[in-house]
Amino acid sequence: MAMTGPRGDTAWEVLETRLLSDNWARLTTSLLRVRLRDGTVQEQWREAYDRGDGACILPFDPVRRHVLLGRQFRWPAAQNGDDPFLVEAAAGLLDDAAPEARIRAEAQEELGLTLDVPRFLFSLYMSPGSVTERLHFFSATYGATDAQARFGGLREEGEEIEIMDIPLKEALTMIEDGTIRDAKTVILLQYAALHLMPED
Ligand SMILES: Nc1nc2c(ncn2[C@@H]2O[C@H](COP(=O)(O)OP(=O)(O)O[C@H]3O[C@H](CO)[C@@H](O)[C@H](O)[C@@H]3O)[C@@H](O)[C@H]2O)c(=O)[nH]1
Ligand SMILES: [Mg+2]
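Residues numbered from 1 in each chain as written. Chains lettered and ligands numbered in written order. Predicted model: local features only at pLDDT ≥ 70, side-chain atom pairs only at ≥ 80, totals over all residues. Heavy atoms only, no water.

In the nomenclature of an unreviewed UniProt entry, the protein is known as GDP-mannose pyrophosphatase of Sagittula stellata. Word for word, the UniProt comment on the protein under Subunit (unreviewed entry) is "Homodimer." In UniProt, the protein has this text filed under Catalytic activity (unreviewed entry): "GDP-alpha-D-mannose + H2O = alpha-D-mannose 1-phosphate + GMP + 2 H(+)". (UniProt positions renumbered as here; feature names shortened; annotations may be inferred.)

Peer 1: Go over the UniProt feature "domain: Nudix hydrolase" (unreviewed entry) in the protein with me, naming the residues and quoting the values.
Peer 2: Feature annotation in UniProt assigns "domain: Nudix hydrolase" (unreviewed entry) to the following positions: residues 50-188. For the annotated span residues 50-188, helix accounts for 24% and strand for 35% of the residues, and the straight-line distance between the end C-alpha atoms is 24 Å. (Helix = DSSP H or I, 4+ residues; strand = E, 2+ residues; numbered from the N terminus.)

Peer 1: I'd love a proper account of the site of ligand 1, names of residues and values included.
Peer 2: Arg74, Glu110, Glu133, Glu157 and Lys184 are the nearest of the 17 residues found near ligand 1. At a separation of 3.4 Å, a nitrogen atom of ligand 1 approaches a polar side-chain atom of tryptophan 24. A distance of 2.8 Å separates an oxygen atom of ligand 1 from a polar atom in the side chain of arginine 74. Calculation on ligand 1 without its partners gives an accessible area of 760 Å², and the protein chains cover 68% of this total. The set of elements that each furnish at least two residues to the shell around ligand 1 consists of β5 (54-61), β8 (90-93) and α2 (99-111). Considering each element in turn, the shell around ligand 1 owes the most residues, three residues, to β8. Class assignment for the residues of the shell around ligand 1 results in five nonpolar, two polar and 10 charged. (Near = heavy atom within 4 Å. Polar contact = N/O pair within 3.5 Å; in protein donor to acceptor, adjacent residues only side chain to side chain. Areas by Shrake-Rupley, 256 points an atom, 1.4 Å probe, with all protein chains shown as cover. Nonpolar A, V, L, I, M, F, W, Y, C, P; charged D, E, K, R; others polar.)

Peer 1: Account for the side chain of threonine 28, naming residues and giving values.
Peer 2: Within the secondary structure, threonine 28 is located in strand β3 (residues 26-35). The contact partners of threonine 28, leaving out residues within four places of it in the chain, are Thr17, Arg18, Leu19, Leu20, Arg46, Glu47 and Ala48. (Contact = heavy atoms within 4.5 Å.)

Peer 1: Before we move on, can you summarise the nonpolar core with the specific residues and values?
Peer 2: Of all hydrophobic cores here, the largest spans 25 residues; its most connected members are Val67, Leu69, Ile180 and Leu189. Mapped onto this core, the elements with two or more residues apiece are β5, β6 (66-73), β10 (134-141), β12 (161-167), α3 (168-176) and α4 (183-196). Looking at which element gives the most residues to this core, the answer is α4, with six residues. Excluding its chain neighbours within four sequence positions, the residues that come into contact with valine 67 are Leu58, Pro59, Phe60, Tyr142, Met164, Asp165, Ile166, Leu168, Ala171, Leu189 and Met197. In this structure, Leu68, Leu111, Ala140 and Ala147 belong to the second largest nonpolar core, which totals 15 residues. (Core = buried A, V, L, I, M, F, W, Y, C linked by side-chain atoms within 4.5 Å. Buried < 20%, exposed > 50% of the residue type's maximum accessible area, 1.4 Å probe, protein only.)

The following block contains the structure:
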């Protein structure tokens with residue numbers, strides 16, 4: 001078999017890949033031949049949805065202990081029968097840009113915020129069972145006078161983002177009561193509570 005994991009785990013090779021959809025993103029299905037540790041060989045069809053990688057950012061104000069988030073409509077949440085207005089950290093697809101350059105542009109477009117120096121935190125797979133995307137996480141500081149816009153997003157792309165300049169404490173409560181339901185946002189808020197603005 002072509003590929004083997006570094007610890008002697010599953011060996012695998014790709015036998016065939018078929019394109020299922022190439023409209024907004026690329027959806028493919030691939031036939032894999034895998035050999036399990038006990039020597040069993042299996043053939044598995046696996047689909048992967050590829051929109052490229054993304055970047056997201058949590059701007060935080062250490063003076064007021066605030067964070068800057070946005071609330072926007074998300075069709076997949078609506079399709080899932082959920083309230084489609086999600087409170088999220090600003091984020092965007094890389095579209096082949098470098099993560100830091102992309103996150104500077106997104107902060108401007110979605111939050112009306114000119115970033116000073118974004119700090120890279122980590123890169124995570126958000127849904128590794130079916131989505132290829134790796135999301136690059138950043139933080140940056142901002143101040144009360146930097147957060148003046150009430151709405152952000154690119155109108156021509158159908159975006160309308162309500163900007164929320166709120167206390168970290170309130171945002172953490174919104175996780176507990178189910179108002180914040182977006183994984184990247186929960187990760188960033190918990191990171192802020194642990195490392196960026198810990199309680200004394
Ligand atoms: N035509 C078309 N446009 C789409 C479609 N799906 C999304 N769009 C548009 O494509 C743009 C993508 O906006 P970005 O800000 O670049 O990305 P995002 O949707 O905010 O995605 C970010 O957040 C996701 C969810 O947390 C992340 O998964 C992703 O990595 C990224 O960081 C939006 O204007 C959106 O309306 C589609 O199926 N068709
Ligand atoms: Mg976005």
